[in-house]
Amino acid sequence: MAQNEMKKAVARSAFEYVESILDRDTIIGVGTGSTANFFIQELSKISDRIEGTVASSLESDKRLKALGIPVYDLNSVGEVQVYIDGADESNEHLQLIKGGGAALTREKIIAAASEEFICIADESKLVHVLGKFPLPVEVIPIARSYVGREIVKLGGDPVYRDNCMTDNGNHIIDVFNLDIMEPTKLEERLNNITGVITNGLFAVRPADRLFLGEDSGVRILQR
């Protein structure tokens, strides 16, 4: 199965799961990226059967609205029943690296506000040790150089992501050459650096389920 077909398959499987638990009061969190886009297409089939969605990026917001799917500000809704999003990496504990699309802060907020967090990804994203994919860190622009120096002290190689401004008006530093053996500890240490908004480790709040696309079909991993 080609990678794009795997993405479509996991999006379809996640949609079927969401469809089985929804009611008319359901608020669905929707992530950002190519795999999440396939889920958005599936979600358009039941736009009249849910209360609405919250989106993790302006891009996803536009896609949802273009398909007639209601989108609300997170502040205006109660708890989000389920959040669906992709990942750049996942380990076997469903701890993730996210942020390749620079939407990590809003993604992390919606994940934290959701009763259930479902990750959808193809098999190439499952790794034994996180860190081969460079770890994104969202920073206040004035703090970029300072944060970079502090990251070097932690053993990483920080690289400013050119021509990238987040939906929040901030910059992204990508951290290379990390073998992340203790994701929760590193997530907390990075977030404690002054000037960091957040980083792309989803370890304090990992996914609850991972729908993983493989050649043989979709495998579901649970914590």
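What you see is a predicted model; the values in this text were computed from it and never measured. (Residues numbered from 1 in each chain as written. Predicted model: local features only at pLDDT ≥ 70, side-chain atom pairs only at ≥ 80, totals over all residues. Heavy atoms only, no water.)

(A) Representation of a nonpolar patch on the surface in the model. A cluster of nonpolar side chains, Ile 140, Ile 142 and Ile 197, forms an exposed patch at the surface whose accessible area comes to about 290 Å². Mapped onto the secondary structure, Ile 140 falls in the loop between strand E7 (135–139) and helix H5 (144–153). (Patch = residues over 30% accessible without salt bridge, like charges linked within 9 Å, V, L, I, M, F, W, Y side chains within 5 Å. Areas by Shrake-Rupley, 256 points an atom, 1.4 Å probe, with all protein chains shown as cover. Salt bridge = Lys/Arg side-chain N within 4 Å of Asp/Glu carboxyl O. Helix = DSSP H or I, 4+ residues; strand = E, 2+ residues; numbered from the N terminus.)

(B) Main features of the sheet that holds strand E11 (residues 201–202). With antiparallel pairing, the three strands of this open sheet are ordered in space as E4-E5-E11. One side of each edge strand has no neighbouring strand; the edge strands of this open sheet are strand E4 (89–90) and E11. Strand direction decides the pairing type here: strand E5 (residues 96–97) and E11, joined by two bridges, are antiparallel. Opposite Leu 96, over in E11, you have Phe 202 as the bridge partner. (Pairing = 2+ DSSP bridges.)

(C) Region of interest: the layout of surface pockets. In this model, the largest pocket occupies a volume close to 280 Å³. In terms of lining residues, the largest pocket is bounded by 13 residues, among which Ala 55, Tyr 72, Asp 73, Leu 74 and Arg 106 are the most central. Every element with two or more residues in the lining of the largest pocket is listed here: strand E2 (52–55), helix H3 (58–66) and helix H4 (104–113). Ranked by residues supplied to the lining of the largest pocket, first place goes to H4 with three residues. Looking at the lining of the largest pocket, its residues break down into eight nonpolar, two polar and three charged. The computed volume of the second largest pocket comes to approximately 230 Å³. As for the second largest pocket, its lining consists of 19 residues, and the residues nearest its centre are Thr 32, Gly 33, Ser 34, Ala 87 and Asp 88. For the lining of the second largest pocket, the secondary-structure elements that each account for two or more residues are helix H2 (34–43) and H4. A total of three residues in the lining of the second largest pocket trace back to one element, the largest contributor, which is H2. When the residues that make up the lining of the second largest pocket are grouped by side-chain class, the tally is five nonpolar, eight polar and six charged. (1 Å grid on protein atoms, 1.4 Å probe; cavity = no way out; pocket = protein on both sides within 12 Å on 5 of 7 lines; lining within 4 Å. Points joined across faces, edges and corners; volume = space filled by probe spheres on them. Nonpolar A, V, L, I, M, F, W, Y, C, P; charged D, E, K, R; others polar.)

(D) The pattern of salt bridges, seen in detail. Scanning the model with the defined rule gives 18 salt bridges in all. Glu 5 is the partner of Lys 8 in a salt bridge, and the nearest nitrogen-oxygen pair spans 3.8 Å. Linking Lys 8 with Glu 5, this pair stays in helix H1 (residues 3–21), spanning three residues, or about one helical turn. A residue is classified by how much of its surface remains accessible, and Glu 5, at 41% relative accessible area, is partly exposed. One salt bridge in this structure joins Glu 187 and Lys 108, with 3.0 Å as the shortest N-O distance. You can see Glu 187 sitting in helix H6 (residues 183–191) and its partner Lys 108 sitting in helix H4, a full 79 residues away along the chain. The exposure classification of Glu 187 matches that of Lys 108, with both residues buried. Residues joined in a network through salt bridges with shared partners are Arg 12, Glu 42 and Lys 45. (Buried < 20%, exposed > 50% of the residue type's maximum accessible area, 1.4 Å probe, protein only.)

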